[in-house]
Amino acid sequence: MKFGILTGGGDCPGLNPAIRAVVLRAHQKGHTTLGYLDGWKGVRDGLSRPLSPDEVRPLINRGGTILGTSRTNPFVHEADAHKVVERLRLDGIDVLVAVGGDDTLSAARELARRGGHVVGVPKTMDNDVAGTDWTFGFHSAVAVAVDAVERLRDTASSHHRAIVLEVMGRHAGWVALATGLASGADATLLPEEPYDEAWLFERVRVGARARGFALVVASEGISLGPRRGTAAAKDEFGHELLREREVGAELARRIEEATGMETRSAQIGHIQRGGSPELFDRILATRLGAGAVDLALAGRFGEVAVLHGSEITGIPFSDAVGTTKTVTPDWLDLLHTFDA
Ligand code: F6P
């Protein structure tokens, strides 16, 4: 068989180990792999190159994606969809492995609906893909965010300040949740809960009284009320680009005004998406990449390799896309054990 592979959507640590696993698993079973560049854009525009076992072997610890990525949606215009189907046929691809989050996997589902042979590998630092217990990229991103809080704690305690750390997480607060839990923040704000300003200010005052400083973790996705200024820009999948909202800076302004405590904010943004994948992400990406090849070899096209408990299994695209996996009440209950 000839495999094709693409990585789409926001990059995250673990993509290269996943590419490596797909190529080497396919090679082990006597098959070859063609890599498409920059996500669905590469399939649409015919940008690709063969991936050899020797090239991918060293990728286990490499951040980013050697294939490049984009947020291109090839199914917005029928002419592009036609190009995708035709390109796969011209390249002689027997099965395409789409590595991505909800958007990339939704496009893969659409390809499968049109008769294409495609399997999926879920990834995202947001950990918000339905149908899988964890996505790779998440643990590595949270490790960066927790390290940031540790550093902010040093400077906050020295200056007797409050500091707000804004973390990524477009629709779901998993990154903020895990960062808040693992760093012992005074308050953690997630998009899954209504913004409670009185509670936030009280948490800052409690921290200030107890230790002379306070640490707040906020997800970029929280709502602080109606947006000011012009309408937000959107990507090809219709998602608002959050980078200009600066909720961390806005929270810092509000905290300082309400509590009188000198307050700063930090936004780690894309720093969370770079760097070498953590152990958990290396292993998960490796297992999912190999698992996707195994699904294809078993003729289970139209499925996504996922983690259920400690097992890798396959589920239909329709069970993995279209719903965002948000933070569940039991996690919220655990979080509020520590900031009540
Ligand atoms: O979806 C992953 C993610 O990292 C979100 O958490 C974030 O809002 C978004 O991507 C940022 O996208 P971009 O890389 O296009 O700025």
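You'll find the structure just up there.
Note that the coordinates shown come from a computational prediction; the quantities given were computed from them, not determined experimentally. (Residues numbered from 1 in each chain as written. Predicted model: local features only at pLDDT ≥ 70, side-chain atom pairs only at ≥ 80, totals over all residues. Heavy atoms only, no water.)

A few words now on the pattern of salt bridges. One pass over the full model with this rule turns up 22 salt bridges. One salt bridge connects arginine 44 with aspartate 45, and the closest N-O pair in it is separated by 2.8 Å. A salt bridge links arginine 161 to glutamate 262; the nearest nitrogen and oxygen atoms lie 3.3 Å apart. Linking arginine 161 in the loop between helix H6 (138-159) and strand S6 (162-167) with glutamate 262 in the loop between helix H9 (247-259) and strand S9 (263-267), this pair joins segments that are 101 residues apart in sequence. Classification of arginine 161 by relative accessible area gives buried; the value is 14%. Via salt bridges that share partners, Glu78, Glu110, Arg113 and Arg114 belong to a single interconnected network. (Salt bridge = Lys/Arg side-chain N within 4 Å of Asp/Glu carboxyl O. Helix = DSSP H or I, 4+ residues; strand = E, 2+ residues; numbered from the N terminus. Buried < 20%, exposed > 50% of the residue type's maximum accessible area, 1.4 Å probe, protein only.)

Glancing now at the packing of aromatic side chains. Under the counting rule described, the total for this entry stands at three aromatic pairs. Ring geometry for tryptophan 174 and tryptophan 331: centres 6.2 Å apart, planes at 85 degrees, overall edge-to-face. Separated by 157 residues along the polypeptide, tryptophan 174 in helix H7 (residues 174-183) and tryptophan 331 in helix H12 (residues 329-335) bring together distant segments of the chain. For tryptophan 174, a relative accessible area of 6% gives the class buried. A cation over an aromatic ring shows up here: arginine 211 above the ring of phenylalanine 213, its NZ or CZ 4.6 Å from the ring centre. (Phe/Tyr/Trp six-rings, centres within 6.5 Å; stacked < 30°, edge-to-face > 60°. Lys NZ or Arg CZ within 6 Å of the ring centre and 35° of its normal.)

A few words on the layout of surface pockets. A probe matching the size of a water molecule, rolled over the atoms, marks out where space remains unfilled. In this structure, the largest pocket encloses a volume near 710 Å³. Of all the elements, helix H5 (residues 102-113) adds the most residues to the lining of the largest pocket, at three residues. Looking at side-chain class alone, the lining of the largest pocket contains six nonpolar, 17 polar and 13 charged residues. Shared between two domains, the lining of the largest pocket takes at least three residues from each, and those domains are domain 1 (2-137 + 277-320) and domain 2 (142-274). (1 Å grid on protein atoms, 1.4 Å probe; cavity = no way out; pocket = protein on both sides within 12 Å on 5 of 7 lines; lining within 4 Å. Points joined across faces, edges and corners; volume = space filled by probe spheres on them. Nonpolar A, V, L, I, M, F, W, Y, C, P; charged D, E, K, R; others polar. Domains from an automatic or database assignment.)

Where H6 contacts H7, the axes come no closer than 9 Å and their chain directions differ by 45 degrees. Looking at the two axes, H6 sits oblique to H7. In this structure, H6 meets H7 at a crossing whose hand is right-handed. Contacts between H6 and H7 pair Phe138, Val142, Ala145, Val146, Val149, Glu150 and Arg153 from the former with Trp174, Val175, Ala178, Thr179, Ala182 and Ser183 from the latter. Here the residues of the contact of H6 with H7 sort into nine nonpolar, two polar and two charged. (Axes fitted to C-alpha atoms, helices over the stretch in contact; angles between N-to-C directions. Parallel < 35°, antiparallel > 145°, perpendicular 65-115°, else oblique. Left-handed = near helix turned anticlockwise from the far one by under 90°. Contact = heavy atoms within 4.5 Å.)

Now for the site of the ligand. Around the ligand, the structure places Arg71, Met125, Asp126, Met168, Gly169, Arg170, Glu220, His270 and Arg273. Note that an oxygen atom of the ligand is positioned 2.5 Å from one of the side-chain N or O atoms of glutamate 220. Between the ligand and arginine 273 there is a distance of 2.7 Å, counted from an oxygen atom to a side-chain nitrogen or oxygen. Relative to its unbound accessible surface of 400 Å², the ligand loses 83% to contact with the protein. Of the residues that constitute the shell around the ligand, the class distribution is two nonpolar, two polar and five charged. (Near = heavy atom within 4 Å. Polar contact = N/O pair within 3.5 Å; in protein donor to acceptor, adjacent residues only side chain to side chain. Areas by Shrake-Rupley, 256 points an atom, 1.4 Å probe, with all protein chains shown as cover.)

A positive phi is found at aspartate 38, a non-glycine position, where the angle reads about 60 degrees. Within the element layout of this structure, aspartate 38 appears in the loop between strand S2 (32-36) and helix H2 (40-45). The residue asparagine 127 is not glycine, and still its phi comes out positive at about 60 degrees. Here asparagine 127 lies in the loop between strand S5 (118-122) and H6.

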